[in-house]
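Structural overview for review
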Amino acid sequence: MQVISLVNKKGGVAKTTTALALASGLSKHNFHVLAIDCDAQANFSTASGGEDDVVGSFDILTGKKNINEAIQELPLYHLIGADKRLSSRHEH
Ligand SMILES: Nc1ncnc2c1ncn2[C@@H]1O[C@H](COP(=O)(O)OP(=O)(O)OP(=O)(O)O)[C@@H](O)[C@H]1O
Ligand SMILES: [Mg+2]
């Protein structure tokens, strides 16, 4: 298994665009892809067609849920989605 992380503190530098291209491109080349969105904006999850208001990366990172409960099976790849609870400004 290989892990590819796309992380940059600077905004608008194409993190999400790159992640979408990698996830779909690798899937089309028959790699099994699990994409984990850890950005509170959840742009990757939305653009991938993930469901809202489901178990996501916040629940895994905080130990509230088992990882298997968070995996969404999308047509091209699997997704663990993000939501605004990941933001420190969000009231939990
Ligand atoms: N290769 C590229 N050439 C030109 N523009 C690009 C390229 N890749 C992405 N962009 C544009 O750059 C902008 C920011 O891209 P993106 O949303 O992927 O960045 P981001 O790092 O995820 O931003 P954020 O920090 O807000 O999450 C978008 O308008 C996108 O269309
Ligand atoms: Mg982004």
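Refer to the structure presented above.
A short tour of the structure in this document, coming up. (Residues numbered from 1 in each chain as written. Chains lettered and ligands numbered in written order. Predicted model: local features only at pLDDT ≥ 70, side-chain atom pairs only at ≥ 80, totals over all residues. Heavy atoms only, no water.)

The subject of this paragraph is the pattern of salt bridges. Opposite charge on two side chains permits them to pair, given that their charged atoms come into close proximity. Within the structure shown, the criterion is met by two salt bridges. Two residues, Arg85 and Asp59, come together in a salt bridge whose shortest N-O distance is 2.8 Å. Of this pair, Arg85 sits in the segment after strand S3 (78-80) while Asp59 sits in helix H3 (residues 57-61), and the two are 26 residues apart along the sequence. Here Asp83 and Arg85 are joined by a salt bridge, their closest N and O atoms 2.9 Å apart. What you see here is one network of salt bridges that share partners, running through Asp59, Asp83 and Arg85. (Salt bridge = Lys/Arg side-chain N within 4 Å of Asp/Glu carboxyl O. Helix = DSSP H or I, 4+ residues; strand = E, 2+ residues; numbered from the N terminus.)

What follows is about the side chain of Gln72. In this structure, Gln72 sits in strand S2 (residues 71-73). Taking the relative accessible area as the measure of exposure, Gln72 reaches 12% and is therefore buried. There is a polar contact of 2.7 Å between the side chain of Gln72 and the backbone nitrogen of Glu51. The contacts of Gln72, once residues within four sequence positions are left out, are Gly50, Glu51, Val54, Tyr77, His78, Leu79 and Gly81. (Buried < 20%, exposed > 50% of the residue type's maximum accessible area, 1.4 Å probe, protein only. Polar contact = N/O pair within 3.5 Å; in protein donor to acceptor, adjacent residues only side chain to side chain. Contact = heavy atoms within 4.5 Å.)

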